[in-house]
Amino acid sequence: MKLSLALFLLPLTTNSLSMSAPSKTYTFDKSNQIFTEAKTLMPGGVSSPVRAFKSVGGNPVVFDRVKGSHAWDVDGNEYIDYVGTWGPAILGHADDDVLEAVAETMKKGTSFGAPCPLENELAKMVIDAVPSVEMVRFTNSGTEACMGMIRLVRAFTNRQKVIKFEGCYHGHADSFLVQAGSGVATLGLPDSPGVPKSATESTLCAKYGDLESVEELLKTGDVAAVILEPVVGNSGFIRPTKEFLQGCRDLSTKYGALLVFDEVMTGFRVSYGGAQEYFGVTPDVTTMGKVIGGGLPVGAYGGRKEIMEMVAPAGPMYQAGTLSGNPLAMRAGIETMKKLKQPGQYEKLEANSKKLVEGIVAAAKDAGHAATGGDAGGMWGFFFCD
């Protein structure tokens, strides 16, 4: 489950780093007015549930603009933003070079519905960066990438079952909206109204970090793939051991299943080559998103050439998208990745993450709270231990 945006929006004060009292009183009249109207127009007033602030109370802040590490709401309040639009704004919001490149590309049109050379350029960058990827298919979101991926692994292996892990999120496709039962080999049960039991009967749930639970499920046979977040980010930050990831690699190979890393969150964030480069464990298939779109809607899935050639029109597994490979998104991704490839970027990113986590944990302990935290590249998180 994603943490609420409210937890990582820090009102800007005269001395925000020392957590002193705000120098002015913040008002939210316009945000409240807009959100009240939004609830009559959209379910819950939002386009994605995590934005609604239900886990922390109150109404969401309605943004007006963003730049760098700062955000401004419609009431004129200024914030330091640690969310970064949930990952894509790895360079900071509204990077000047990315904006300039997108503006120049926009002069040629916003959507072609036909191939464009920018797809080739970004594809080559992804293939060069990510160890497992020899071919790539672009989509419009991480969820869409995972939908294509699960169909692909079943088509390639001619098997039906997939193994996911408790706490790992792979988008809102029916097959992934499951929770684990009480036993290791228990079939997943629908975790949302509207998801038929038949859609989740072939989804098995293992315990993250527990290789025995993985092997017990693999022994049941007919498993197409083991699918996981190589660093968990959707149920709090959980950093795995390399031994666990390598164990998943070895077990998948032993039982003839594919290993899939869902790197929608970790890709180009924990390192330029994703978590697979960071930990030195290579999956068969990788899903991506967020960072590779530079703030515009993009997803992708890729893997070994023999696997990817199952995808239409090269092969029989159908998947399509009207806006896939959109020139604006491709250009934003290209410019973002150019900057990320520069020497020292990820060393700086990890140093900043470590400094931030250590500061939060130290502040919590100074206030009498038991807390712990961790980081991996540009991912970080903390937990209260009581």
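No experiment lies behind these values; they were computed from the predicted model shown.

**What about the pairing of strand β6 (residues 161-165)?**
With four of five residues buried, β6 is to be regarded as a mostly interior element. Pairing of β6 with strand β10 (residues 223-228), which is carried by three bridges, proceeds in the parallel orientation. Looking across to β10, one finds that V162 is bridged to A225. With four bridges joining them, β6 and strand β9 (residues 203-206) adopt parallel strand pairing. When the bridges of β9 are listed, F165 appears paired with A206.

**Digging into the sheet that holds β6**
The strands making up a sheet are joined through hydrogen bonds of the backbone, oriented either antiparallel or parallel. Taken together, seven strands build an open sheet; the order of strands is β5-β13-β12-β11-β10-β6-β9 and the sheet is mixed. Each edge of the open sheet is held by one strand with a lone partner, namely β5 (135-139) and β9. Geometrically, the sheet is characterised by an average inter-axis angle of 20 degrees between neighbouring strands, direction not taken into account. Alignment of β10 against strand β11 (residues 258-262), held across four bridges, turns out to be parallel. Opposite V226, over in β11, you have L259 as the bridge partner. Across the face of the sheet, helix α7 (residues 242-254) comes into contact with β6, β10 and β11 while running at roughly 145 degrees to β11.

**Let's talk about the pairing of strand β13 (residues 299-303)**
Among the five residues of β13, five are classified as buried, and the element is accordingly described as predominantly covered. Examined bridge by bridge, β5 and β13 share five bridges and lie antiparallel to one another. Pairing of M135 across the sheet is with G303, part of β13. Taken together, the five bridges between strand β12 (residues 285-289) and β13 define a ladder with antiparallel strand orientation.

**Some thoughts on the nonpolar core**
In terms of nonpolar packing, the biggest core is built from 29 residues, with I163, F165, Y208, L218, L228, F244 and L245 touching the most fellow members. A total of four residues in this core trace back to one element, the largest contributor, which is α7. Core analysis: the second largest hydrophobic core is formed by 25 residues, L118, L122, V133 and A300 among them.

**Focus on the pattern of salt bridges**
Across all of its chains, the model carries 13 salt bridges by this definition. The partner of R331 in a salt bridge is E335, and the shortest N-O contact between them spans 3.1 Å. Of the two residues, R331 and E335 both sit in helix α10 (residues 327-340), four residues apart, roughly one turn of that helix. With respect to burial, R331 and E335 carry one shared label: buried. A network of salt bridges, in which partner residues are shared, links R249, D284, R304 and E306.

**What to know about the packing of helix α3 (residues 117-129) against α10**
Where α3 contacts α10, the axes come no closer than 9 Å and their chain directions differ by 35 degrees. For α3 against α10, the interelement crossing comes out left-handed. Contacts from L118, E119, E121, L122, M125 and V126 of α3 reach α10 at P327, M330, R331, G333, I334, M337 and K338. When its residues are assigned to classes, the contact of α3 with α10 shows eight nonpolar, one polar and four charged.

**Some thoughts on the confidence of the model for the protein chain**
On average, residues of the protein chain score 91 in pLDDT, and 91% of them are at 70 or above. Counted against residues more than four places away or in other chains, residues 14-19, with its pLDDT under 50, gives seven contacts. pLDDT under 50 marks residues 180-188. Its contacts with residues more than four places away, or in other chains, come to 16 contacts.

Calculation criteria
- Residues numbered from 1 in each chain as written.
- Predicted model: local features only at pLDDT ≥ 70, side-chain atom pairs only at ≥ 80, totals over all residues.
- Heavy atoms only, no water.
- Buried < 20%, exposed > 50% of the residue type's maximum accessible area, 1.4 Å probe, protein only.
- Helix = DSSP H or I, 4+ residues; strand = E, 2+ residues; numbered from the N terminus.
- Pairing = 2+ DSSP bridges.
- Axes fitted to C-alpha atoms, helices over the stretch in contact; angles between N-to-C directions.
- Contact = heavy atoms within 4.5 Å.
- Core = buried A, V, L, I, M, F, W, Y, C linked by side-chain atoms within 4.5 Å.
- Salt bridge = Lys/Arg side-chain N within 4 Å of Asp/Glu carboxyl O.
- Left-handed = near helix turned anticlockwise from the far one by under 90°.
- Nonpolar A, V, L, I, M, F, W, Y, C, P; charged D, E, K, R; others polar.
- pLDDT = per-residue confidence, 0-100.

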